[in-house]
Amino acid sequence: MPLFSSDFSRSLRRLATTGLAAAGLLAGVSQAQTPLPGGNTEVHTDQIQARLLAHAPEGVAAGKPVWLGLQLTHQPDWHTYWKNPGDSGQATTLSWNLPAGVSAGEIQWPMPSKFPIGHLANYGYDASVLLPVPLTLSETPQQALRVQLEASWLVCRVECIPQSGQFEITLPVRQSIASHAALFDAALKQVPQAHPQARVQAHVQDNMLRFEASQLPADWQGRALNLYPEDHGITQPAAAGEQAWNQGQWSLSVPLQSYRTASPETLSVVLVPQAGADAHGVIRNLPNAAGILASAPVQGSWPAAQPVSGLSPELTAALQAGNAPPDSGNAPVSLLLALGGALLGGLLLNLMPCVFPVLAIKVMGFARHAHSPAALRASGIAYTLGVLASVLLLGVLLLALRAAGEQLGWGFQLQNPWMVAGLAALFTLIALNLSGLFEFGNLWSSGQYRSDKEHHPVLDALLSGVLAVIVASPCTAPFMGASMGLAISLPAWQAMLLFLLLGLGLALPVLLLCLFPALLRWLPRPGAWMQTFRQLLAFPMLATVLWLVWVLGQQSGINGAVTLLALLLAGSALIWALTLPGRSRWWLAAIFALLLAWLGWQHGARLATPVASTSTTADANWQPWSEQRVQQALAAGQPVFVDYTAAWCITCQFNKQTVLSSPEFLQAAQQKQLLLLRADWTRNDPAITASLNALGRNGVPVYVLHDPAKPRQPLVLTEILRLENVQQALSALS
């Protein structure tokens, strides 16, 4: 197996050829017909080939037409979405990073097709589509333009997969770029335009919307037309409606969306002749027909609109119930129960696998200072202060970001690949220290270890408390989920009290052992075993590093994981070099420091390059979660089991391996015709966060069983799953 993926190797070859191409240009190759090499203009997934293309037939100059476009080529049966995706889905988004004096316009959306899915329908594209975007230059640049793009799209068949890519292209100035002229010309012809004579009106009649159009092109007369509303959530996309021609005037009546949230005075619509449905049931437009973009004033009175929400009525009701003012008689009791749950949850966090390495280190500290009760008490208090300060800081940050509109929850920091990489580096450093490679504070000295008197056990204990919170944050213990979910809806001082009790529970075992040294009599006496035990603890740390590399691989792909491993290897070599005696340490340290810097500069961005999630598609029994899919299944009478999970959540992985992947669970799910959905929260997803909040949770794992007979009463299971409990819940389905 090659060390690097083909994409990684191609990137290295591009870097090598950039200098040769630049030299050729300086030598006089002035009539370039394609963009300069350099950067990444293509992203490939199993479902999509995405390319960033350029078109500047008169050169890149002020006042000249300059276009960029994202071309999406779909595998058979897959599609992406138009600006109005229809009943479900998400429009493709483009975020540009442009030089000064250059601005990007809006996407010029080609006309979509209509994809019926049961009693629903979506608007989007299959096969291949180019999304053109015009560039405006305030002045003609003096050097080549470097443009970066971050694009996100949702690709669907039956299941839906959110994907994204980062692109970069360099455009030469004053040179024609026309190699993709045919693609841009074809795409721009499919962009609907206003018609000078066409008139379109809309009339609200009860729960129906009637469109009337006159003065349409003569060759449209008598043909069935496709109408695509640019406004989302007004009409029902799946409804064919009743259309007719009467003395040159076309009309269409369609039902209003039952969950409509807006009552606009004007609707923007696209009209185009219909070609009918193809063999797959997709409703197509007449080939080569020019669509009309029209603004239709709305007459009549709109029925009352629903409250604005991105969630289903069931989740909206749950949110409203959760945000309703609590009954004054039960509020103190609820708060006391939440405080007790936070304390007990923090206590149980010590049993989570993610906290074991830190506790093991503290066991060694107990044995070292067992002869000095005063030092032991000081260490215990310092450890507790480190835990409490870190938990409170995390709580303040979480509440502040949520108040600013961010959709975050417990463990949110590990949704950031840079934080994951930083933790991997920290645990690698600790593992090297425990294995005896170096001592903290001696890297810049002569290499001889300092005496224990120069160590600072109180500071060590304080930092251990901070570290305990960092590694515990991805986990959610029993009794903790409901308390943390309640924290986001309470006043700030009550929420911080919950975080305080959570931290106290996490620190309590260490604090008790330090305040009452007699409890330590069960530990072995200090001796040679301590050095062996210390070296043994390096292996749990390395196991944690292995887990973090796997987490980063889920977030940023194999190239991100390989880059992290290379950085950790170079960093470890640098640490080793600094422990050597004599002048050789500085020469070797300089070499490894330069290697580390080069890796970070050239490939560090790969650590945070997002890739399509594979955690769901890798398991044929599970499908990606969406609120729309939950509601579709419940409406069809099918029960639903949702696994809210994340790659960085060890508890999630434990439950997945011991229960959710077991033959007994899968057999029970099949017998109950259960729809298994997985909500992957490895990276921040506002829709998943909102769904967790509606369930009274703000962290993972969360397991929810939806019974179609009780759609407004989802059953939330415990954070630590047992097969017997899950089977019992399934047997209770109506």
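Residues numbered from 1 in each chain as written. Predicted model: local features only at pLDDT ≥ 70, side-chain atom pairs only at ≥ 80, totals over all residues. Heavy atoms only, no water.

## Looking at the side chain of R585
For R585, the position within the fold is in helix α13 (residues 584-603). Residue R585 is classed as buried on the basis of its relative accessible area of 5%. Here L580 takes part through its backbone oxygen, which lies 3.5 Å from a polar atom of the side chain of R585. (Helix = DSSP H or I, 4+ residues; strand = E, 2+ residues; numbered from the N terminus. Buried < 20%, exposed > 50% of the residue type's maximum accessible area, 1.4 Å probe, protein only. Polar contact = N/O pair within 3.5 Å; in protein donor to acceptor, adjacent residues only side chain to side chain.)

## A short note on the packing of aromatic side chains
Per the counting criterion, the structure on display carries eight aromatic pairs. When the ring of W82 is compared with that of Y228, the centres are 5.9 Å apart and the planes differ by 65°; the resulting orientation is edge-to-face. Of this pair, W82 sits in strand β4 (residues 80-86) while Y228 sits in strand β14 (residues 225-229); the two residues are 146 residues apart in sequence, bridging distant segments of the chain. When its relative accessible area of 1% is taken as the criterion, W82 is described as buried. Judged by relative accessible area, which is 1%, Y228 ranks as buried. When the ring of W625 is compared with that of Y644, the centres are 6.2 Å apart and the planes differ by 50°; the resulting orientation is tilted. Here the residue W625 occupies a position in the loop between β20 (623-624) and α14 (627-635), and Y644 occupies one in strand β21 (residues 640-645), the gap between them amounting to 19 residues. Comparing W625 with Y644, the two get one shared label, buried. Three or more aromatic residues joined by ring pairs form one cluster here, namely W622, F641, F665 and Y703. Taking NZ or CZ as reference, R585 lies 4.8 Å from the ring centre of W586, over its face. (Phe/Tyr/Trp six-rings, centres within 6.5 Å; stacked < 30°, edge-to-face > 60°. Lys NZ or Arg CZ within 6 Å of the ring centre and 35° of its normal.)

## Concerning the sheet that holds strand β3 (residues 66-74)
Pairing between sheet strands relies on hydrogen bonds along the backbone, with the strands arranged either parallel or antiparallel. Spatially, β1-β2-β3-β9-β6 is the arrangement adopted by the five strands of the open sheet, whose pairing is antiparallel. Looking at the sheet topology across the chains shown, the edges are occupied by β1 (42-44) and β6 (102-104). Shown here is a sheet whose adjacent strand axes are inclined to one another by a mean of 20°, direction ignored. When β1 meets strand β2 (residues 48-55), the two strands line up antiparallel, connected through three bridges. In the sheet register, H44 faces β2, and the bridge partner there is Q49. (Pairing = 2+ DSSP bridges. Axes fitted to C-alpha atoms, helices over the stretch in contact; angles between N-to-C directions.)

## Overview of helix α17 (residues 686-694)
Where burial is concerned, most of α17 is hidden: seven out of the nine residues are buried. Trailing α17 by a residue or two, G696 shows a phi angle of about 80°, which is positive.

## Digging into the packing of helix α7 (residues 417-434) against helix α12 (residues 538-578)
The N-to-C vectors of α7 and α12 enclose an angle of 25°; their axes lie 5 Å apart at closest approach. Relative to α12, α7 is oriented roughly parallel. Relative to α12, the crossing made by α7 is right-handed. Of the residues assigned to the contact of α7 with α12, the class counts are 22 nonpolar, five polar and no charged. (Parallel < 35°, antiparallel > 145°, perpendicular 65-115°, else oblique. Left-handed = near helix turned anticlockwise from the far one by under 90°. Nonpolar A, V, L, I, M, F, W, Y, C, P; charged D, E, K, R; others polar.)

## Description of the pairing of strand β9 (residues 128-137)
The buried fraction of β9 amounts to seven of the 10 residues, a majority that puts the element mostly inside the structure. Where β3 meets β9, eight bridges bridge the pair, whose relative direction is antiparallel. Of the residues in β9, the one forming a bridge with G69 is P132. Of the strand pairs in this sheet, β6 and β9 are connected by three bridges, and their pairing is antiparallel. By the bridge assignment for β9, A104 is matched with L135.

## Brief notes about the nonpolar core
Of all hydrophobic cores here, the largest spans 41 residues; its most connected members are A50, L68, L70, W153, F167 and L171. Looking at this core, the elements with two or more residues in it are β2, β3, β8 (120-125), β9, β10 (145-156), β11 (160-171) and β17 (266-277). Broken down by element, the residue count for this core peaks at six residues, all from β10. In terms of nonpolar packing, the next biggest core, distinct from the first, is built from 26 residues, L423, W547, V551 and L607 among them. (Core = buried A, V, L, I, M, F, W, Y, C linked by side-chain atoms within 4.5 Å.)

## Thoughts on the environment of M111
Locating M111 in the fold gives a position in the loop between β6 and β7 (113-117). Residue class for M111 comes out buried when judged on its relative accessible area of 7%. Apart from the residues within four sequence positions on either side, M111 is in contact with Y125, Q190, P192, V270, V272, N285, A289 and G291. (Contact = heavy atoms within 4.5 Å.)

## Quick word on the packing of α12 against α13
Where α12 meets α13, the closest approach of the two axes is 8 Å, and the angle between their N-to-C directions is 165°. Taken together, the axes of α12 and α13 are roughly antiparallel relative to one another. α12 and α13 meet at a crossing whose hand is left-handed. Across the interface between the two elements, T563, A566, L567, A570, G571, A573, L574, W576, A577 and L578 of α12 pack against R585, W586, L588, A589, F592, A593, L595, L596, L599, G600 and H603 of α13. Split by residue class, the contact of α12 with α13 holds 16 nonpolar, four polar and one charged.

## Focus on unusual backbone geometry
In the Ramachandran plot, D77 falls in the positive-phi region, its phi being about 80° despite a non-glycine side chain. Its place among the elements puts D77 in the loop between β3 and β4. Even without being glycine, A127 reaches a positive phi, approximately 55°. Position of A127 relative to the elements: it lies in the loop between β8 and β9.

## Details of the environment of T235
Looking at where T235 falls in the secondary structure, it is placed in the loop between β14 and β15 (242-246). Between the alpha carbons of T235 and P255 there is a distance of 5.9 Å; along the sequence they are 20 residues apart. Setting aside residues no more than four positions away along its own chain, T235 makes contact with L209, P229, V254, P255, L256 and Q257.

## As for the sheet that holds strand β22 (residues 675-680)
Within the open sheet, the five strands sit side by side as β20-β22-β21-β23-β24. Their pairing is mixed. On the outer flanks of this sheet lie β20 and β24 (710-716), each paired with one strand and no other.

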